[in-house]
Amino acid sequence: MKVLVLNGPNLGRLGLREPDVYGRTTYADLVALCESAGRDLGIEVEVRQTDFEGELVGWLHEAADQAVPVVLNPAAWTHYSIAVRDACAQLVAPLVEVHISNVHKREEFRHTSVISAVADGVIAGLGVRGYVLALNWVADRKTG
């Protein structure tokens, strides 16, 4: 089984960007964590990051066409991208929305997600470990 872990804008700057909010884990560390979790779960994990909305939409279309589960941190697009939301709505395999920080403890504009209504689950505020929890849930859903 393959799972795409897709990350939106600024996540490539993990470890540098607001470490008091997002921690000191680098993007390379996040990729390694997800790939390691995938190996432990017996699933193929491919991690991608983009700062370009159209690229993310294309990856979501790819996942929809191939019936591939997605773990998605849409980052800032969470709050306003109808294009990303509509691409997520086309997914036929599980979708888990993940946020490193607890968006509900932050600025009010971060409290609303246009993605959550089309996601199977949402994990927020558990740091990068939220990705591992999401991968575990997806793996359990496929086997259980």
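For the structure itself, consult the block above.
Along each chain, the written sequence defines residue order, and numbers are assigned to residues from 1. Note on the predicted model: pLDDT of at least 70 is required for a residue's local features to be given, and 80 or more for side-chain atom pairs to be given and counted; whole-chain, interface and lining totals, by contrast, use all residues. The basis for the side-chain values is all heavy atoms of the structure; hydrogens and waters are excluded.

(A) Structural detail: the overall build of the protein chain. The secondary structure listing takes helices from DSSP runs of H or I that are at least 4 residues long and strands from runs of E that are at least 2 residues long, numbered from the N terminus. Of regular secondary structure, the protein chain possesses five helices and five strands. Listing the helices and strands of the protein chain from first to last along the sequence gives β-α-α-β-α-β-α-β-β-α. Its C-alpha radius of gyration of 14 Å places the protein chain within 12% of the 15 Å reference for a compact globule of 144 residues. The principal-axis extent of the C-alpha atoms belonging to the protein chain is close to 35 × 30 × 25 Å. Taking all 144 residues of the protein chain together, the buried fraction comes to 47%. Two residue types count as positive, namely Lys and Arg, and two as negative, namely Asp and Glu; His and chain ends fall outside the count. A single reference atom marks each charge: NZ on Lys, CZ on Arg, CG on Asp, CD on Glu. The centroid of the 13 positive side-chain charges in the protein chain is displaced by 4 Å from the centroid of its 18 negative side-chain charges. Restricting the calculation to C-alpha atoms gives the radius of gyration, and the globule rule supplies 2.2 Å times the number of residues raised to the power 0.38. Using a 1.4 Å probe on the protein chains alone, a residue whose accessible area is under 20% of its type maximum counts as buried, one over 50% counts as exposed, and one in between counts as partly exposed.

(B) Expanded view of the state of the cysteines. Two cysteine sulfur atoms form a disulfide, by the criterion used here, when they sit within 2.5 Å. Applying the stated criterion to the full structure yields zero disulfides. There is no disulfide at Cys 34, and the cysteine sulfur nearest it, in Cys 88, is 17 Å away. Given a relative accessible area of 0%, Cys 34 falls into the buried group. Taking relative accessible area as the criterion, Cys 88 reaches 2% and is therefore assigned buried.

(C) Main features of the packing of helix α3 (residues 53–66) against helix α4 (residues 82–89). Lines are fitted to the C-alpha atoms to define the axes, a helix being fitted only along its stretch in contact, and any angle between axes, read from their N-to-C directions, falls within 0 to 180 degrees. Where α3 meets α4, the closest approach of the two axes is 9 Å, and the angle between their N-to-C directions is 5°. By the angle class used here, α3 and α4 are roughly parallel. Residues Glu 53, Leu 56, Val 57, Leu 60 and His 61 of α3 touch α4, and the partners they reach there are Ala 83, Val 84, Ala 87 and Cys 88. Class assignment of the residues belonging to the contact of α3 with α4 gives a composition of seven nonpolar, one polar and one charged. Angular relationships are summarised with four words: roughly parallel below 35 degrees, roughly antiparallel beyond 145, roughly perpendicular across 65 to 115, and oblique for the angles in between. Two residues form a contact once any of their heavy atoms are found within 4.5 Å. For this classification, Asp, Glu, Lys and Arg are treated as charged, while Ala, Val, Leu, Ile, Met, Phe, Trp, Tyr, Cys and Pro are nonpolar and the rest, including Gly, are polar.

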